[in-house]
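Residue strings, one per chain:
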Amino acid sequence: MKKSALQFLPFFLPLLFFSCTKNTEHLDKSRPNVILIMTDDQGYGDLACHGNPFIKTPNLDALYGESLRLTNFHVGTTCSPTRAALMTGLNCNRVGVWHTIAGRSQLSSDYKTMAQVFADSDYETGMFGKWHLGDSYPFRPHDRGFAEAFYHGGGGVWQGPDYWDNDYFDDTYFRNGIPEKTSGYCTDVWFDATMDFIEQNQDKPFFTYLATNAPHGPFHVDSSYIEPYMKYDDINPNFYGMITNIDDNMGRLLKKLDDLNLSDNTILIFMTDNGTARGASFDQQGFLTKGYNANMRGQKGSMYEGGHRVPFFIRWPEGGINQANDVDVLTAHVDILPTLIDLLGLNTPESTDFDGESIASIIKGDTPEDKWKNRVLITDTQRQEYPEKWKMSATMMDQWRLINGDELFNISDDPEQRNDIANLHPDIVKQLRADYEEWWKELSPEFGKFTRAELGSENDETVVLYAHDWHEAENNLGAPNLSGNGSHMTPWNHTHIRNGQLINGYWSVQVLKEGTYTFELRRWPRELDKEITAGIPMKDAVPGGSPMPEGKALKLNRARIQVGDAQDEIILKAGDKLAQFHLDLKPGMNEVKTWFEGDNDIRLGAYYVYIDYQSK
């Protein structure tokens, strides 16, 4: 069995072995439907049912009262890593996803996703909302098993791959890669689309993945949701308002399932992707200073419990899961795919050795919790080009938490992780360090690999590359990018692009077939249709938000491109909206790098590159 972060170590005997053969005994419409809902940046403490005295979440509270709850459930500490592990049952570092930008948020195409597993078992598949596992072919959701995918680009509305100037209201999103104008607030739109999909497929088994971008920033929401929380000094009213809007939509979805008589035979899962982003305030050590965090230390991005312990509710009335029940077994996002395969008799992907384990026996009450003692899980926060050993890591077993390889906490006695007791339990430290070393040894050979956008595929679509995914970005003086944590930041959102950041990096690609390729270099996206050198006006604020800054005019006069050994350059003319190049390429792995240049050492990469295969 693989040893990986958030993994199950071999001293526990596997409960189940799965057949790799075609399973046909469940191929009728009475098979359970599955709705998997995951909100963005909502922590364990951002629910009234978890003791939060400020927030109002009556519909989620009602679901909580009808669900089995995994109270010791863990994920990654940021967006993409959690999503990659959830979709594959594999550790995020194994599948190439340990960051949220910089080419390290693209899910390797070597592995099947949850959607592909469901599709292989004749389920209708649909996803709605936030994908954040790649925006170029073959990383998009409709490339990875979702027959219907309706989503925003990047890791949030207004990030680089998202449609230009989206702001949560009346946005344009992508339906299977095609832009589609919408009306209304983003979360309302995602739930509407989900309910439409459910109604259209009510007579067939379906798998629906609804991943809201809320309450991820920017914290835009109608003022009617903000105002009830303005009376509190200890919280972010916008953030809480976004969660209450999600709760209202949960009420609508639950009613829709009742109206369609689908509630009883639908497995409904609610979870979140990491710890809270703005539900409370913390000091530099991660200790709570204001608000509520369910007695935990740390928030989103933290190796402490508040960074990666999240809610997990599951309800399935026909499966006997419709009453309040807490399970405190150490579990994780990598367990969900093997569990659903087990519960539903889905066809298991060939040659897949999951990092997670089926917890179906726990859910069904067939296995005592003490049978799961000594399970070890590991999670970390990397957020850089190549992972670093021990960096922001948590190695977990039962009540023990080893942080960064040296701090040890007993969360049964010390849930806020205030008292480092490593010196009192050297045997536990030694054991958990050995577990981590074994995991690192297995995974580290994967860290030098790149996930690659594919050029010249059979689908013959335009491939778009975004600066959001640049590797090893640096400024025009050669100073390195600090992976989103410093001044030399990868231009991953629309504000950075408006500011004309003088940054450059490269993309990793795979050329699939020999021929001539057209490369269209742009500073502004196609939908904006602006000159390379032009500035653009400030964008007015929306409810809960601030204005977007003016887009800077830049004095640029040259464009260059290099793809492997092929390179070219042109002089820009007044009014040019793009720089177009035709390059003859052979199959193989390459790096794509572009330049816009001007006088006085002005130099940056093309923030958007559109690529088409022309001919052999």
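Before going into details, it helps to say that this report is about the structure given with it. Only a predicted model underlies this, so the values are computations on that prediction, with no experimental measurement involved. (Residues numbered from 1 in each chain as written. Predicted model: local features only at pLDDT ≥ 70, side-chain atom pairs only at ≥ 80, totals over all residues. Heavy atoms only, no water.)

## Some words on the overall build of the chain
Right, so step 1: The number of helices and strands found in the chain is eleven helices and 29 strands.
Right, so step 2: Relative to the globule expectation of 25 Å for 616 residues, the C-alpha radius of gyration of the chain, 24 Å, shows essentially globular dimensions.
Right, so step 3: Judged by the C-alpha coordinates and their principal axes, the chain covers about 70 × 60 × 55 Å.
Right, so step 4: Excluding contacts between residues fewer than 6 apart, the proportion of contacts in the chain whose partners are at least 24 apart in sequence is 71%.
Right, so step 5: Of the roughly 22,600 Å² of accessible surface on the chain, a fraction of 46% belongs to carbon and sulfur atoms. (Helix = DSSP H or I, 4+ residues; strand = E, 2+ residues; numbered from the N terminus. Rg over C-alpha atoms; globule rule 2.2 N^0.38 Å. Contact = heavy atoms within 4.5 Å. Areas by Shrake-Rupley, 256 points an atom, 1.4 Å probe, with all protein chains shown as cover.)

## Quick notes on the nonpolar core
Right, so step 1: Counting residues in each nonpolar core, the largest one holds 53 residues, and the members touching the most others are Leu86, Met114, Phe118, Phe146, Phe207 and Tyr209.
Right, so step 2: Ranked by residues supplied to this core, first place goes to helix H8 (residues 336-344) with six residues.
Right, so step 3: Setting aside its immediate chain neighbours within four residues, Phe146 contacts Met87, Ala115, Thr125, Gly126, Met127, Trp131, Pro141, Phe207 and Tyr209. (Core = buried A, V, L, I, M, F, W, Y, C linked by side-chain atoms within 4.5 Å. Buried < 20%, exposed > 50% of the residue type's maximum accessible area, 1.4 Å probe, protein only.)

## Quick notes on the pattern of salt bridges
Right, so step 1: For the structure on display, the rule yields 32 salt bridges.
Right, so step 2: For the salt bridge of Arg69 with Asp326, the shortest nitrogen-to-oxygen distance reads 2.6 Å. Pair noted here: Arg69 is in strand S2 (residues 68-70) and Asp326 is in strand S13 (residues 325-327), with a separation of 257 residues, a long-range link.
Right, so step 3: Overall, the relative accessible area of 8% leaves Arg69 in the buried class.
Right, so step 4: Taking the relative accessible area as the measure of exposure, Asp326 reaches 40% and is therefore partly exposed.
Right, so step 5: Among the charged side chains, a salt-bridge network with shared partners connects Asp40, Arg83, Lys130 and Asp273. (Salt bridge = Lys/Arg side-chain N within 4 Å of Asp/Glu carboxyl O.)

## Thoughts on helix H4 (residues 186-200)
Right, so step 1: Taking 1.5 Å of rise per residue, the 15 residues of H4 would be expected to cover 21 Å, and the 21 Å separating its terminal C-alpha atoms lies within 8% of that figure.
Right, so step 2: Buried within H4 are the following residues: Cys186, Thr187, Val189, Trp190, Phe191, Ala193, Thr194, Met195, Phe197 and Ile198.
Right, so step 3: At its buried positions, H4 is contacted by strand S1 (33-39), strand S4 (124-130), strand S5 (148-152), strand S6 (172-175), strand S8 (206-211) and helix H6 (237-259). (Expected span 1.5 Å × (residues − 1).)

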